[in-house]
Amino acid sequence: MKASSVIKLNQTALQSNWDFLRSYFKGKQISAVVKGNAYGHGITTYVPMAEACGVNHFSVFNAGEAYEVYKVASPDSTIMIMGSLDNDDIEWAIQNNIEFYVFTMERLATAIHTAEKLDKKAIIHIEIETGMYRTGFEHEEIPELIAHLKNNSEKLVFKGLCMHFAGAESIANYVRIKKQKIIFKKALKTFKEAGILPEIVHTCCSAAAVRLPDMHYDMLRIGIMQYGFWSGPEVLIEYLNKHKAEQSPLKRIISWESSIMSLKEVPPGEYIGYGATFFSQQTMHLGIVPVGYAHGFSRSLSNTGIVLINGKRAPVVGMVNMNCIAIDVTHIPNVKPKDTVLLIGTQGEHEVSVASFGEMSNQLNYELLTRLPLDIERKRI
Ligand SMILES: *Cc1c(COP(=O)(O)O)cnc(C)c1O
């Protein structure tokens, strides 16, 4: 049985992104953030591709994702869990040298006692609350935290001290971000004065890495940029202005392909698809494509999405159905069943860098990418 679509990942584009990231963030260690199934690209396909580009540090949100990385990664690569894991996962993590964030006294106690039981050190990153209000130790907790770290140095590797910014991609958050920087620097100073320092300090996601060079420290946690997207339009514009560049140096590595399932001619004066959201003004030719919201093609792309056929743009008409969409191909000659339809990607000589997932909003990029279902095949090209 043939699947109705396939996701292809381009190794050459990925190499170019990593070359750029390494030269732009010279001298800094970079962790590849591959949570959310590598932002929809597919952890098990993506991780070996990144390793082929020399990447050897991967960050995930939970233990399940860590396990996916662990299955395919080289034993020399480091895996770091930034969010959720339960007590059993902690045992597995310690046993397999998986590093993990600690942001509560409970997790710290579990890490210590599990390390003791296994007679193997837990490799931990202490997360500081600086104003994101998601996870992290409060400033008042730091003295107690330091005491625990000092008393249990036999059971813990104090690998990292870290934080996360609450929206570094937007200038609207300027004041809040500035406050976060101050709070983190104060926490770092408290550790220094107590004579206990982590091996590395890391604070920056992609947007912060571009915008806040004074917060780079030792390692950057880069997610969206490695896949060829910017965190938001402000970040891209800031980069272009600063470097007098005309276009983004990042290349999208993903393409998502389907094909024309059937064709349909519609007379003038008819509604197309469910309900009355699209009305034909003239005779129209439609291509029906077997991909719908069940496959991650969002309903929000109804009457707004664009796909590529024979190197030309074609709009989605009517509502996105569960399993298919209708595409207006009236203006494209010789469209036939089985013709390739590009839902995301570049096609032909035309400078169409991305299809329907388009430049609508970059927040949508994060969401739409990570919603690409697990069961669509990912192919390295
Ligand atoms: C998702 C995430 C990142 C990466 O964010 P990008 O904007 O994709 O670079 C970094 N750090 C943490 C803690 C995250 O949750």
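Residues numbered from 1 in each chain as written. Predicted model: local features only at pLDDT ≥ 70, side-chain atom pairs only at ≥ 80, totals over all residues. Heavy atoms only, no water.

**Here we look at the environment of R252**
- On the secondary structure map, R252 appears in the loop between helix 10 (233-242) and strand 10 (254-259).
- Since its relative accessible area comes to 25%, R252 is described here as partly exposed.
- When the C-alpha atoms of R252 and Q226 are compared, they prove to be 8.6 Å apart, with 26 residues separating the residues in sequence. (Helix = DSSP H or I, 4+ residues; strand = E, 2+ residues; numbered from the N terminus. Buried < 20%, exposed > 50% of the residue type's maximum accessible area, 1.4 Å probe, protein only.)

**Topic: a nonpolar patch on the surface**
- A cluster of nonpolar side chains, I171, Y174 and V175, forms an exposed patch at the surface whose accessible area comes to about 350 Å².
- Looking at where Y174 falls in the secondary structure, it is placed in helix 8 (residues 174-193). (Patch = residues over 30% accessible without salt bridge, like charges linked within 9 Å, V, L, I, M, F, W, Y side chains within 5 Å. Areas by Shrake-Rupley, 256 points an atom, 1.4 Å probe, with all protein chains shown as cover. Salt bridge = Lys/Arg side-chain N within 4 Å of Asp/Glu carboxyl O.)

**Here we look at the site of the ligand**
- Not every one of the 13 residues close to the ligand is listed here, only the nearest: K35, Y39, S206, I224 and Y366.
- Here Y366 contributes a side-chain N or O atom positioned 2.8 Å from an oxygen atom of the ligand.
- One can see that the ligand is located within the second largest pocket.
- At the level of elements, helix 2 (35-39) and strand 9 (219-222) are the ones that each hand at least two residues to the shell around the ligand.
- Of the residues in the shell around the ligand, the class split is 7 nonpolar, 3 polar and 3 charged. (Near = heavy atom within 4 Å. Polar contact = N/O pair within 3.5 Å; in protein donor to acceptor, adjacent residues only side chain to side chain. 1 Å grid on protein atoms, 1.4 Å probe; cavity = no way out; pocket = protein on both sides within 12 Å on 5 of 7 lines; lining within 4 Å. Sits in = over half its atoms within 2 Å of the grid points. Nonpolar A, V, L, I, M, F, W, Y, C, P; charged D, E, K, R; others polar.)

**Looking at empty space enclosed by the protein**
- In total, this model carries 2 cavities of 30 Å³ or more according to the counting rule given.
- In this structure, the second largest cavity occupies an estimated 30 Å³ of space.
- Taken together, E127, I128, E129, T130, M132, Y133, T135, M163 and H164 make up the full set of residues lining the second largest cavity. (Points joined across faces, edges and corners; volume = space filled by probe spheres on them.)

**Regarding the pairing of strand 5 (residues 99-102)**
- Because side chains alternate across strand 5, one face comprises the buried residues E99 and Y101, and the other comprises F100 and V102, equally buried.
- By the bridge criterion, 2 bridges tie strand 4 (residues 78-81) to strand 5 in an arrangement that is parallel. From the neighbouring strand, I81 faces strand 5, where its bridge partner is F100. (Pairing = 2+ DSSP bridges.)

**Comments concerning the environment of M322**
- Position of M322 among the secondary structure elements: in the loop between strand 14 (312-317) and strand 15 (325-328).
- The spatial distance from the C-alpha of M322 to the C-alpha of A294 is 5.2 Å, given a sequence separation of 28 residues.
- Discounting chain neighbours no more than four positions away, the residues touching M322 are G292, Y293, A294 and H295. (Contact = heavy atoms within 4.5 Å.)

**Overview of the pattern of salt bridges**
- Taken as a whole, this structure holds 10 salt bridges when the rule is applied.
- Taking the shortest distance from any N to any O, the salt bridge between D214 and K181 comes out at 2.9 Å. In this pair, D214 sits in the loop between helix 9 (206-211) and strand 9 while K181 sits in helix 8, placing the two residues 33 residues apart along the sequence.
- For D214, a relative accessible area of 42% gives the class partly exposed.

**Observations regarding the sheet that holds strand 8 (residues 200-204)**
- Around the barrel, 8 strands lie side by side as 2-3-4-5-6-7-8-9; this closed barrel has parallel pairing. For this sheet the average axis-to-axis angle between neighbouring strands, irrespective of direction, equals 30°.
- Across the sheet, helix 8 touches strand 6 (122-127), strand 7 (156-162) and strand 8, and the angle it forms with strand 7 is around 150°. (Axes fitted to C-alpha atoms, helices over the stretch in contact; angles between N-to-C directions.)

**What about helix 3 (residues 43-52)?**
- Within the sequence span of helix 3, burial applies to I43, T45, Y46, V47, M49 and A50.
- Looking at the residues trailing helix 3, positive phi occurs at G54, about 95°.

**Quick look at the layout of surface pockets**
- The volume enclosed by the second largest pocket comes to roughly 610 Å³.
- Lining the second largest pocket are 31 residues, with K35, Y39, R134, H164 and Y366 positioned closest to its centre.
- Contributions of two or more residues to the lining of the second largest pocket are made by helix 2, helix 9 and helix 11 (362-370).
- Among the residues forming the lining of the second largest pocket, the class breakdown is 14 nonpolar, 11 polar and 6 charged.

**Considering the domain arrangement of the protein chain**
- Per the domain assignment, the segments of the protein chain are domain 1 (10-242) and domain 2 (254-352).
- Domain 1 and domain 2 are separated by 40 Å when their C-alpha centres are compared. (Domains from an automatic or database assignment.)

**Examining the sheet that holds strand 15**
- A sheet is described by the order of its strands in space; here 9 strands give the open sequence 11-12-15-14-13-16-10-1-17, paired in mixed fashion. Unpaired on one side and paired on the other, strand 11 (262-266) and strand 17 (377-380) mark the two borders of the sheet. Ignoring which end each strand starts from, the neighbouring axes of this sheet average 35° apart.
- Relative to strand 16 (residues 340-344), strand 10 runs antiparallel, the two sharing 4 bridges. Bridging across to strand 16, E257 finds its partner in L342.
- Its contacts with the sheet put helix 3 on strand 1 (6-9) and strand 17, and the angle it makes with strand 17 is roughly 15°.

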